[in-house]
Amino acid sequence: MSNDMPKMRFRILRAVFACVYFFSAIWAAGAVYYLGLPDALRIPAVLFFVVLAGTAYFWKRKYLLPASLGLILVLMIQFLLRAPSNDRDWNPSCARPPYAEFLTPDRVKIHDIRDFRYRTETDFDVRYLDMEYEIAAIRHMDYMVVHWDGMEAIAHSMLSFEFNDRRHLTFSIETRTDRKDQFGALPGLYKQFELIFIAGTEEDLIGLRTNYRHEDVYLYRTTLSAEDAQTLFRSLLSRMNRLKEHPEFYNTITKNCLTALIPSVKELNPSFIGDLRLLFNGYSDLRAFESGTLVAEKNESFQHLKQRSYVNPKVDGLSEIPPDFSERIRKK
């Protein structure tokens, strides 16, 4: 038995090394693809790396495995050193990041609120607003989940704040893409997009999704108190301003439209601990329902709540976004 122990340990260590090596090699293959090489060289470079990594492990030659490990290390260092930027040829939808100017501790002027006017999803008038708000006038916050292409597990999340004068301001955390980018989950893992906090009108951020993209939008009333909604609003403004000066990368898993909200949520509830459903943000509304964060009728099931929170039938048959859009999407 004692003679078998060293062999067993060696086999375990070898298995662990193999798992780490091949996981690192798979990640590094993606890093090669998104290295910024000319399009004609991307696939050949990835194939060369995959052949090198596989050969280095299975064909026992003195220098091949160290060379492969060294290349993986170089790619990791290059990835870690890649810095986000505010200076790119941005798509019009994310060209102007909003920022907040505090006039008094409780009164704020928000610049570059997006209020595009659409004829189609890709044909629109670019329009930005500068608006003043009393933070103490926030009386409610709504949570929205947006599904597309029939996907249940994946969704987009937005927050909308309601003021005493019945104005609404919506926040949408999105990828900031330039004119050459094509959004995708995989490039979002490799620092291909920056992050942007978009502040916009409901007519723009919700209407774009209901009436022009024809995505499925669900709007939930939340149980947050006015004070908690105001705290969350301040946190979003602070992070929005910081992001304008210090850009950050979007990440499909760790910093997306939902997970990027977690630092602000923790300001309300420092003990907040997420679960695996946060990786599948299409189920975030179910988690919020289970935690009591969504307003529901007595003994109401989540399925019934979601059905009556569906926004599209209330507005997507209209030829254009009406002035009373916010009231319409909240009608029972």
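Residues numbered from 1 in each chain as written. Predicted model: local features only at pLDDT ≥ 70, side-chain atom pairs only at ≥ 80, totals over all residues. Heavy atoms only, no water.

Student: Explanation requested: the overall build of the protein chain in the structure shown.
Tutor: Within the protein chain one finds eleven helices and ten strands. Along the first, second and third principal axes, the C-alpha atoms of the protein chain reach 75 × 50 × 40 Å. Nonlocal contacts in the protein chain, meaning residues at least 24 apart in sequence, comprise 65% of its contacts between residues at least 6 apart. With the model as given, the accessible surface of the protein chain reaches about 18100 Å², and the carbon-plus-sulfur share is 60%. (Helix = DSSP H or I, 4+ residues; strand = E, 2+ residues; numbered from the N terminus. Contact = heavy atoms within 4.5 Å. Areas by Shrake-Rupley, 256 points an atom, 1.4 Å probe, with all protein chains shown as cover.)

Student: I'm lost on the nonpolar core in this one. Help?
Tutor: The nonpolar side chains of soluble globular proteins are, as a tendency, buried together. Core analysis: the largest hydrophobic core is formed by 43 residues, its most contacted members being Ile 110, Phe 161, Leu 169, Phe 171, Phe 233 and Leu 237. Other than its neighbours up to four places away in sequence, Phe 233 contacts Val 108, Ile 110, Ile 135, Ile 138, Phe 161, Phe 163, Leu 169 and Phe 171. (Core = buried A, V, L, I, M, F, W, Y, C linked by side-chain atoms within 4.5 Å. Buried < 20%, exposed > 50% of the residue type's maximum accessible area, 1.4 Å probe, protein only.)

Student: What should I look at first to understand the packing of aromatic side chains in this one?
Tutor: Two aromatic rings, taken as a pair, are described by how far apart their centres are and by the angle between their planes. For the structure shown, the criterion picks out 26 aromatic pairs. On the basis of an interplanar angle of 35° and a centroid distance of 5.6 Å, the ring pair of Phe 183 and Phe 193 is categorised as tilted. Separated by ten residues along the polypeptide, Phe 183 in the loop between β8 (168-176) and β9 (194-200) and Phe 193 in the loop between β8 and β9 bring together distant segments of the chain. A relative accessible area of 1% places Phe 193 in the buried class. An aromatic cluster of at least three residues, connected via ring pairs, comprises Phe 17, Tyr 21, Phe 22, Tyr 57 and Phe 58. Above the face of the Tyr 33 ring, Arg 42 is positioned so that its terminal group lies 4.8 Å from the ring centre. Its end group placed over the ring of Phe 116, Arg 114 keeps NZ or CZ at 5.0 Å from the ring centre. (Phe/Tyr/Trp six-rings, centres within 6.5 Å; stacked < 30°, edge-to-face > 60°. Lys NZ or Arg CZ within 6 Å of the ring centre and 35° of its normal.)

Student: Please explain unusual backbone geometry as it appears in this structure.
Tutor: Most of the time, phi is negative for any residue but glycine, and the peptide bond is trans. With a phi close to 55°, Asp 149 is a non-glycine residue in the positive phi region. Inspection of the secondary structure puts Asp 149 in the loop between β6 (138-147) and β7 (156-163). Take Asp 149: its relative accessible area is 73%, and that puts it in the exposed class. Notably, His 214 is not glycine yet its phi reads approximately 55°, a positive angle.

Student: What's the story with helix α6 (residues 226-245) in this structure? I'm lost.
Tutor: Spacing of three or four residues puts side chains on the same side of an α-helix, whose turn is 3.6 residues. When the terminal C-alpha atoms of α6 are compared, their 29 Å separation across 20 residues agrees well with the 28 Å that a helix rising 1.5 Å per residue should span. Within the sequence span of α6, burial applies to Ala 229, Gln 230, Leu 232, Phe 233, Ser 235, Leu 236, Leu 237, Arg 239, Met 240 and Leu 243. (Expected span 1.5 Å × (residues − 1).)

Student: Teacher, can you tell me more about helix α3 (residues 64-81) here?
Tutor: The first and last C-alpha atoms of α3 sit 26 Å apart over 18 residues, in line with the 26 Å expected at 1.5 Å per residue. Residues Ser 68, Ile 72, Leu 75 and Phe 79 constitute the buried set of α3. End-on view of α3: buried residues confined to an arc of 60°, all on one side of the axis. Turned more than 90 degrees away from the buried face of α3, the exposed residues are Val 74, Leu 80 and Leu 81. (Arc of directions from axis to C-beta.)

Student: In this structure, what is going on with the side chain of Asp 112? I would like to understand it.
Tutor: In this structure, Asp 112 sits in strand β2 (residues 107-114). The exposure class of Asp 112 is buried, given its relative accessible area of 11%. Of note is the side chain of Asp 112, whose polar atom sits 2.5 Å from the side chain of Arg 96. If we skip the residues at most four places from it in the chain, Asp 112 touches Arg 96, Pro 97, Pro 98, Tyr 99, Tyr 128, Leu 129, Asp 130 and Ala 199. (Polar contact = N/O pair within 3.5 Å; in protein donor to acceptor, adjacent residues only side chain to side chain.)

Student: What is the right way to look at the pattern of salt bridges in this model?
Tutor: A side chain of one charge can pair with a side chain of the opposite charge if their charged atoms are brought near each other. Inspection of every chain in the model, using the stated rule, returns 26 salt bridges. Here Glu 121 ties to Arg 213 by a salt bridge, and the two come within 3.4 Å at their closest N and O atoms. Residue Glu 121 is found in the loop between β3 (117-118) and β4 (124-125), and its partner Arg 213 is found in the loop between α5 (207-212) and β10 (216-221); the two are separated by 92 residues along the sequence. According to the relative accessible area criterion, Glu 121 is partly exposed, its value standing at 38%. Using a relative accessible area of 33% as the deciding quantity, one classes Arg 213 as partly exposed. One salt-bridge network, held together by shared partners, links Arg 139, Asp 142, Glu 162, Glu 202, Arg 221 and Arg 330. (Salt bridge = Lys/Arg side-chain N within 4 Å of Asp/Glu carboxyl O.)

Student: I would appreciate a short explanation of the environment of Leu 305 in the present structure.
Tutor: Note that Leu 305 resides in helix α9 (residues 302-308). Distance from Leu 305 to Val 265, taken between C-alpha atoms, is 23 Å for residues 40 residues apart in sequence. Those residues in contact with Leu 305 that sit more than four places away from it in its chain are Tyr 220, Phe 289, Leu 294, Val 295, Ala 296 and Glu 300.

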